[in-house]
Structures are given as C-alpha cells and as structure tokens.
Amino acid sequence: MYDPTHLRTFLAVAQTLSFTQAARRLGLRQSTASQHVRRLEEAAGRQLFSRDTHSVELTDDGEAMLGFARRILEVHEQASAFFTGTRVRGRLRFGASEDFVLTRLPEILEGFRHDHPEVDLELTVELSGTLHEQLAAGKLDLVLAKRRPEDPRGELVWRDDLVWIGAERLRLEADRPVPLIVYPPPGITRARALEVLERQGREWRITCTSGSLNGLIAAARAGLGVMAHSRRLIPPGLFRLPDRAGLPELGRIDFVLVHGPRRAAAESAANALAAAILTGGDHLRHHSG
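Everything quoted here is computed from the prediction, not taken from an experiment.

Parameters and conventions
- Residues numbered from 1 in each chain as written.
- Predicted model: local features only at pLDDT ≥ 70, side-chain atom pairs only at ≥ 80, totals over all residues.
- Heavy atoms only, no water.
- 1 Å grid on protein atoms, 1.4 Å probe; cavity = no way out; pocket = protein on both sides within 12 Å on 5 of 7 lines; lining within 4 Å.
- Points joined across faces, edges and corners; volume = space filled by probe spheres on them.
- Nonpolar A, V, L, I, M, F, W, Y, C, P; charged D, E, K, R; others polar.
- Buried < 20%, exposed > 50% of the residue type's maximum accessible area, 1.4 Å probe, protein only.
- Helix = DSSP H or I, 4+ residues; strand = E, 2+ residues; numbered from the N terminus.
- Arc of directions from axis to C-beta.
- Contact = heavy atoms within 4.5 Å.
- Pairing = 2+ DSSP bridges.
- Core = buried A, V, L, I, M, F, W, Y, C linked by side-chain atoms within 4.5 Å.
- Polar contact = N/O pair within 3.5 Å; in protein donor to acceptor, adjacent residues only side chain to side chain.
- Expected span 1.5 Å × (residues − 1).
- Phe/Tyr/Trp six-rings, centres within 6.5 Å; stacked < 30°, edge-to-face > 60°.

A. Seen up close, the layout of surface pockets. The computed volume of the second largest pocket comes to approximately 300 Å³. Forming the walls of the second largest pocket are 15 residues, and the residues nearest its centre are Leu170, Arg171, Pro242, Arg244 and Ala245. Looking at side-chain class alone, the lining of the second largest pocket contains eight nonpolar, one polar and six charged residues.

Right, here's the structure in full:
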C-alpha cells in the first residue's frame, strides 16, 4: 500500500523541511520528490505537508505518518539484510554531539547493534566543532553534529530553528547585559549567540561555560542565564524565551552526517549506520525523557 521509495522521500522532506534538500539528499529531481510525496498522500487519502512559497511544515497527519514510515522502512531494511545475507563487520568510530545523546540516539544505536552484531562500535561524544576537527584528523569515521551555515560538508539529517531558552522564572532586564550560558570555543551555538547579540549592539556577559550539555542545563535550570539551543531538543525544565524578551533571532541550524576519509574496513559499517540515522532522523527530534 505504501511504497518504500515514497516513504523514504517523505522522511527526507520531513527531516529537512525542504523538497530541494530532500531531492539532493536522495539524488532525485525536485519534481520527482514532489511526485513521491503526492503519491503517498493519495495512498493515505490525507495531506501530509502544508506548503507555501516560503516553508514546508508537517500536518498532524504528516506527524502520524512519520512513525509509521520509520517502522515500515526499518522492517523493510531488516528483511532485505536477512535475505541478501550481507554481514556488515569492522570497527566503526562514530562521533555525536551531546545534544543527541540526550535524545533517542541511544535507541537508534541499540537497533544498529542488534542488526549488525559484528560491528565494533566506538562512540565519542564531543562538541560539534571538536568532532569536525577529529574527523578531519582521521580519528573518526562518521560524525553526527551541527554544521556552521557556510560549511557545505555533510548530509543534512534535519534542520531546526535555534531559540533562546532558560528557566521559566528567568526575567531579563533590558538595560543589563544578557547573561549567557555557553559551550567553550569552538562551540557552534556559542559563536551564533555572540554574533547575533553583537549585530544587535546588545551587551552580554558569560555567566557559565561548560563543555558538557548537562552542565549547561543545570546552570540554566538554576536561573543563571539564557542559552541558544535547538527548538526541537529543548531539555525538560527549560523553556523558550518569549519574543517580548527582546533577544535577536538566532536563525536556523543544520544537523548533518559527515563521513571521514574512507577506511575500507569501516566503509560498509559507516554506510549502514548513516542509513539507520537518516531513516530514524525524525526520532532524534523527540526526547526520550
């Protein structure tokens, strides 16, 4: 009833919120990507996306289809791996930014370990900037991390808005410097936060620096200040600051998968894990907690 090819295209559009990006990721023409989604909508008898000239958003039915699409494709992959008998093996050095470790990435990794028991998976959790450096130095095979806007590398897993978050009781005073909770350099969200405040001519001061997301969250929950964070990954106990707080827009952020220099021993394992993450990409947007 639901063609796996159409489901794959639907997932790519849902994750990137762009027909152009989804088509590029799948190696299709944009018209083909649109046609796949239209066919899936016809099969479901529901509209899955609301589109206008500027944006693509999932409808409620589209949100429901996400879970089904991911599960159908997962079973599809398992069946084809079983019957083709391809055994992926080797050592895979995978790096992920900490934002993801607090989401459902562990579930995706657990599923991968179950499907590919002969892969020796080594996980490194670091700042996105550090992961990109380690990848370039040949210390990692595959990285899931944030990307700077000017950086063309990597396959877009999904795109999100960056927003200001803090404790519910936090109040900012317009005439006082903005209290900031940030990662150390080369943190990508840190760079963006400082850049937009400078551009607005707004004074700021750093009240907490931590290389650990848990450290930043603890500081924010204690009311020490505000932090720039992905809108879909807001940790429990923290809230998006309202527009009336007067802070500048932070723009969007890309989460990407980047392959390192090809190591023959790791290539098939890296491709298999990349496929699992791209299929389950919608899963990463929701917290397990």
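The structure having been displayed, the exposition proceeds.
B. Layout of helix α6 (residues 105-115). Buried within α6 are the following residues: Leu105, Ile108, Leu109 and Phe112. End-on, the buried residues of α6 take up no more than an arc of 95°, which puts them together on one face. Those residues of α6 that are exposed and angled more than 90 degrees off the buried face are Glu110 and His114. Where α6 is buried, its residues contact β3 (90-97), α5 (98-101), β4 (119-126), β5 (142-147) and α10 (264-279).

C. Spotlight on the pairing of strand β9 (residues 227-230). Side chains Met227 and His229 of β9 all project onto a buried face; the interleaved residues Ala228 and Ser230 project onto the opposite face, where all are buried too. The pairing of strand β6 (residues 155-166) with β9 spans four bridges and is classified as antiparallel. Paired with Leu162 across the two strands is Ser230, which belongs to β9.

D. Looking closely at the nonpolar core. With 42 residues, the main nonpolar core has Phe94, Trp164 and Leu273 as its most contacted residues. No other element matches the seven residues that α10 contributes to this core. Once residues within four sequence positions are removed from consideration, Phe94 is found in contact with Leu105, Leu109, Leu121, Glu122, Leu123, Thr124, Leu140, Leu142, Val143, Leu144, Leu273 and Ile277. Counting 20 residues, the second largest nonpolar core, distinct from the first, contains Leu7, Phe10, Leu11 and Ala14.

E. Up close: the pairing of strand β7 (residues 178-182). Along β7, five of the five residues are buried, which leaves the element largely enclosed by surrounding structure. The two faces of β7 match: Val178, Leu180 and Val182 on one face and Pro179 and Ile181 on the other face are all buried. By the bridge criterion, five bridges tie β7 to strand β8 (residues 204-209) in an arrangement that is parallel. Its bridge partner being in β8, Val182 is matched across the sheet by Thr209.

F. Examining the side chain of Ser230 more closely. Within the fold, Ser230 resides in strand β9. For Ser230, a relative accessible area of 1% gives the class buried. A polar atom in the side chain of Ser230 sits 2.4 Å from the side chain of Asp160. When near neighbours in sequence (up to four residues on either side) are disregarded, Ser230 contacts Trp158, Asp160, Asp161, Leu162 and Phe255.

G. Quick peek at α10. Over its 16 residues, α10 runs 23 Å from end to end, which matches the ideal 22 Å to within 8%, given 1.5 Å per residue. Among the residues making up α10, those that are buried are Ala266, Ala269, Ala270, Ala272, Leu273, Ala274, Ile277, Leu278 and Thr279.

H. Representation of the packing of aromatic side chains in the model. Under the defined criterion, the tally for this structure stands at five aromatic pairs. Taking the centre distance of 6.4 Å and the plane angle of 90° together, the rings of Phe100 and Trp158 count as edge-to-face. On the criterion of sequence distance, the pair formed by Phe100 in helix α5 and Trp158 in strand β6 is long-range, its members being 58 residues apart. As far as burial versus exposure is concerned, Phe100 and Trp158 are alike and both buried. A connected cluster of aromatic rings, assembled from ring pairs, spans Phe10, Phe19 and Phe49.

That is the geometry; function is a separate question.
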